[in-house]
Amino acid sequence: MRIVVFAILLLFYNVCFAKDIINNSFITDYEYGAMLYENPRGIGCNKCHGKGDKSVIIAKYKNKKNEIKTLNSPAINNVPFENFVDVLTTKRGSSNIMPSYFLTNDEIKSIYYYLKNLKK
């Protein structure tokens, strides 16, 4: 009887408190973030942001005055978390160019974790 009670208490402890210590996930947080970065909802962040470590030219075009303009995506690996969340959760993003992907809070955290821990 004591063994059963001990086993139940140990299981309860692991479920409630040890989840941050022991990660028995099939996929790591880094791998999950990488997967989302490559394809969160049909098109990956990498298509516009590359590796996320520098500004990327998305397009060049001529405006009505026949001036050549460049549309750049910013480096996103050093953006503060609050700004990162803001752009991803605002309906069209702060820039009015960034599309909405309807990411969950956990998905946003995973992508941010991936960007902050990019393996060079």
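Please read all numbers here as calculations on a predicted model, not as lab measurements.

The rules we used
- Residues numbered from 1 in each chain as written.
- Predicted model: local features only at pLDDT ≥ 70, side-chain atom pairs only at ≥ 80, totals over all residues.
- Heavy atoms only, no water.
- Helix = DSSP H or I, 4+ residues; strand = E, 2+ residues; numbered from the N terminus.
- Polar contact = N/O pair within 3.5 Å; in protein donor to acceptor, adjacent residues only side chain to side chain.
- Contact = heavy atoms within 4.5 Å.
- Disulfide = S-S within 2.5 Å.
- Buried < 20%, exposed > 50% of the residue type's maximum accessible area, 1.4 Å probe, protein only.
- Phe/Tyr/Trp six-rings, centres within 6.5 Å; stacked < 30°, edge-to-face > 60°.
- 1 Å grid on protein atoms, 1.4 Å probe; cavity = no way out; pocket = protein on both sides within 12 Å on 5 of 7 lines; lining within 4 Å.
- Points joined across faces, edges and corners; volume = space filled by probe spheres on them.
- Nonpolar A, V, L, I, M, F, W, Y, C, P; charged D, E, K, R; others polar.

A. View of the side chain of E107. Positionally, E107 belongs in helix α5 (residues 105-116). Within polar-contact distance, the side chain of E107 engages the backbone nitrogen of T104 at 2.8 Å. Aside from chain neighbours lying at most four places away, what touches E107 is Y32, L36, R41 and F102.

B. Looking closely at the state of the cysteines. This model, assessed by the stated rule, comprises zero disulfides. Note on C45: no disulfide assigned, nearest cysteine sulfur contributed by C48 at a separation of 8.9 Å. Looking at C45, the relative accessible area reads 11%, which means it is buried. Note on C48: relative accessible area 30%, which makes it partly exposed.

C. Looking closely at the packing of aromatic side chains. Tallied over the full model, the rule gives four aromatic pairs. Ring centres of Y30 and Y114 lie 5.1 Å apart, and the angle between their planes is 55 degrees; this geometry places the pair in the tilted category. Here the residue Y30 occupies a position in helix α2 (residues 29-38), and Y114 occupies one in helix α5, the gap between them amounting to 84 residues. Overall, the relative accessible area of 17% leaves Y30 in the buried class. Look at Y114 and you get buried, because its relative accessible area is 10%. Each ring, one from F81 and one from Y112, has its centre 4.9 Å from the other, and the planes form 70 degrees; the classification is edge-to-face. With F81 in helix α4 (residues 81-89) and Y112 in helix α5, this pair connects stretches of sequence that are 31 residues apart. Its relative accessible area of 30% is what places F81 among the partly exposed residues. In textbook terms, an aromatic cluster arises when at least three aromatic residues are bridged by ring pairs, as seen for Y30, Y37 and Y114.

D. Layout of the layout of surface pockets. Of the voids in this model, the largest pocket is the one considered here, and its volume is about 470 Å³. Those elements giving two or more residues to the lining of the largest pocket turn out to be α3 (46-49), β2 (68-73), α4 and α5. Here the lining of the largest pocket gets four residues from one element, more than from any other, and that element is α4. D29, Y32, D106, K109, S110 and Y113 together form the lining of the second largest pocket. Of all elements in the fold, only α2 and α5 reach the threshold of two or more residues within the lining of the second largest pocket. Element by element, the count of residues in the lining of the second largest pocket is highest for α5, at four residues. In terms of residue class, the lining of the second largest pocket is made up of two nonpolar, one polar and three charged.

Functional significance is not addressed by these values, which are geometric in nature.
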